[in-house]
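Breakdown of the fold
This is what each chain is made of:
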Amino acid sequence: MEECESPFKENVMQGKVALLTGGGSGIGFEIATQFGKHGASVALMGRRNNVIDAAAAALRSLGIPAVGFEGDVRKQEDARRAVEATVKHFGRLDILVNGAAGNFLVSAEDLSPNGFKTVMDIDSVGTFTMCGEALPYIKKGGAGRGTSGGLILNISVTLHYTASWYQVHASAAKAAVDALTRSLALEWGTDHGIRVNGIAPGPIGDTTGLSKLVPQNIEGKAKDLMPLYKVGTKWDIAMAALYLASDAGKYINGSILPIDGGLWLSKPRYLPKDAVKQLSRTLEKKSREAATGVPTSKL
Ligand code: COA
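Overview of the structure. Treat the numbers as computed from the prediction; the structure is a model and nothing was measured.

Of all residues adjacent to the ligand, which total 14 residues, the nearest are Gly-102, Ser-112, Asn-114, Gly-115 and Gly-209. For the shell around the ligand, the secondary structure elements donating two or more residues are helix H4 (113-138) and helix H6 (208-213). The greatest single-element share of the shell around the ligand, amounting to four residues, is contributed by H4. Taken together, the residues of the shell around the ligand sort by class into five nonpolar, eight polar and one charged.

Within the largest apolar cluster, 70 residues are counted, with the highest numbers of intra-cluster contacts made by Val-42, Leu-44, Leu-96 and Ala-241. The dominant element in this core, judged by the number of residues it contributes, is helix H8 (residues 234-245), at nine residues. Beyond its immediate stretch of four places on either side in the chain, Leu-96 contacts Leu-19, Met-130, Cys-131, Ala-134, Ile-138 and Ile-152.

On to helix H9 (residues 273-289). Residues that lie three or four places apart on an α-helix share one face, since the helix turns once every 3.6 residues. With 17 residues, H9 ought to run about 24 Å at 1.5 Å a step, and its terminal C-alpha atoms sit 25 Å apart, in line with that. Within H9, only zero of the 17 residues are buried, which leaves the element largely exposed.

Next up on the list: the environment of Ala-108. Tracing the backbone shows Ala-108 in the loop between strand E4 (95-98) and H4. When the 11 C-beta atoms within 10 Å are taken as the criterion, Ala-108 is described as exposed. Considered as a pair, Ala-108 and Ala-176 are 68 residues apart in the sequence and their alpha carbons are 18 Å apart.

Taken together, the seven strands give an open sheet; going across it, the order is E3-E2-E1-E4-E5-E6-E7, and neighbouring strands pair in parallel fashion. Two strands lie at the open edges of the sheet, namely strand E3 (66-70) and strand E7 (256-259), each paired on one side alone. Within the sheet, the average angular offset between the axes of one strand and its neighbour, ignoring direction, is 15 degrees. As defined by bridge partners, strand E2 (residues 41-46) adjoins E3 across five bridges and the pair is classed as parallel. From the neighbouring strand, Val-42 faces E3, where its bridge partner is Ala-66. The strands that helix H2 (residues 49-61) touches are E2 and E3; relative to E3, the one it contacts most, it runs at about 175 degrees. Taken strand by strand, helix H3 (residues 76-90) contacts strand E1 (17-21), E2 and E3, and its axis lies near 155 degrees from that of E1.

With five of five residues buried, E1 is to be regarded as a mostly interior element. Side chains Val-17, Leu-19 and Thr-21 project from E1 onto one buried face, and the interleaved Ala-18 and Leu-20 project onto a second face that is buried too. Note: E1 against E2, five bridges, orientation parallel. Across the sheet, Leu-19 pairs through a bridge with Ala-43, a residue of E2. Read as a crossover between parallel neighbours, the route from E1 over helix H1 (residues 26-37) to E2 is right-handed. Inspection of the sheet shows E1 paired to E4 by four bridges, in the parallel sense. Bridge assignment links Ala-18 to a residue of E4, and that residue is Ile-95.

Here is what the cut-offs are and how they apply
- Residues numbered from 1 in each chain as written.
- Predicted model: local features only at pLDDT ≥ 70, side-chain atom pairs only at ≥ 80, totals over all residues.
- Near = placed C-beta within 6 Å.
- Helix = DSSP H or I, 4+ residues; strand = E, 2+ residues; numbered from the N terminus.
- Nonpolar A, V, L, I, M, F, W, Y, C, P; charged D, E, K, R; others polar.
- Core = buried A, V, L, I, M, F, W, Y, C linked by C-beta atoms within 7 Å.
- Buried ≥ 20, exposed ≤ 12 C-beta atoms within 10 Å, placed from the backbone.
- Contact = placed C-beta atoms within 7 Å.
- Expected span 1.5 Å × (residues − 1).
- Pairing = 2+ DSSP bridges.
- Axes fitted to C-alpha atoms, helices over the stretch in contact; angles between N-to-C directions.
- Right-handed = clockwise from strand over helix to strand, strands pointing away.

Below is the structure:
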C-alpha cells in the first residue's frame with residue numbers, strides 16, 4: 001500500500017523500460033509500481049508463473065505497460081530469455097533491477113555447504129548473470145538507446161556492514177553483490193556509460209524478508225534498538241529507486257544507499273542521557289584537579 005504521495009513529478013521515468021528480477025512481490029513489485037506510475041514500462045521476472053502473471057496484470061490495471069516472464073536467475077538461459085523478451089516487447093532496456101534473493105534464518109553450524117551455495121547462487125551469481133545478459137542492451141549504443149548507457153540497480157542489505165546472527169550465507173552473498181556494484185560501476189561506467197548503484201534496505205514491513213527473518217515476538221524488541229523506532233516501508237525503498245533511476249541521480253555511480261532508518265549504526269545505550277552530563281562533568285573536574293608532573297613509567 002502506498003504510504004503517501006510521491007514527491008516526484010509523474011513523468012520522471014517517461015520512456016524508460018525497466019526489467020526487475022523478483023519484481024512480482026515485495027520490494028521489487030513496489031519499485032515496479034512506482035516506476036510505472038512515473039511513466040516507465042516494466043517487465044517482471046520471477047520463478048512463480050502465477051505470481052508474476054498476477055503482478056503484471058495488477059500493474060496493467062493501473063494503466064502501466066507491464067509484462068511478466070517466468071525465470072530463475074540461477075539459469076543463464078532464463079536470464080537471457082527474460083532480457084531478450086523485454087527488449088522484444090518494449091524495444092529497449094534502460095534499467096535492470098536485481099531484486100531476486102533467497103534467505104532463511106539458520107545458525108552457521110547448521111547450514112550445509114549447499115544451503116550456503118544456494119543463496120550465493122541466487123543473490124550473487126544471479127545478479128552477475130543478469131548484468132551480463134543485460135549488458136549488450138543497456139550499454140550506450142544498445143538497441144533503441146542513444147549515446148548514454150542505462151542503470152543497474154542492485155538490491156542489497158546492511159547485514160554485512162557489521163555482523164549478523166544466523167545470516168552468514170546472506171551476509172556473504174550480499175557483500176558480493178555490493179562488490180559487484182562497485183566494480184561494475186568502475187568498469188561499465190567507464191567503458192559503456194552504465195551507472196551501477198545499490199540500495200541496502202533494513203527491515204521493511206509487509207515483506208517476505210521481515211516475516212522470515214524477524215519473528216513477530218522479537219519485532220518489538222528490535223524496534224527499541226532502532227534510531228527511528230520503526231521498520232521501513234516498501235514505498236521508502238521505491239522512492240530511493242526513483243531518485244537513483246531518474247535524472248536526479250545522473251551523477252551517482254557506484255553508490256550503495258542504506259535505507260534502514262540508521263539501524264546498522266545502532267548500539268545499545270549503556271548510560272542514560274541524564275546520567276551522562278553529571279558523570280562527564282564529575283570526571284572532567286577530577287581530571288583537572290589531578291596532580292600534574294613528569295609522567296612515570298615502569299619501563
Ligand atoms: N535452514 C537451513 N537450510 C536450509 C533452509 C533452512 N531454513 N532452507 C533451505 N535450506 C538448504 C536446504 O537444506 C538445501 O541444502 P542441502 O541440499 O544441503 O539440504 C539448500 O538450502 C537448498 O534448498 P532448496 O529448498 O532445494 O532450495 P530452493 O532453490 O528450492 O529454494 C531458498 C531456495 C532456500 C533460498 C528458498 O528459501 C527460496 O526460494 N527463497 C526465495 C524467497 C526468499 O527467501 N525471500 C527472502 C528475501 S529476504
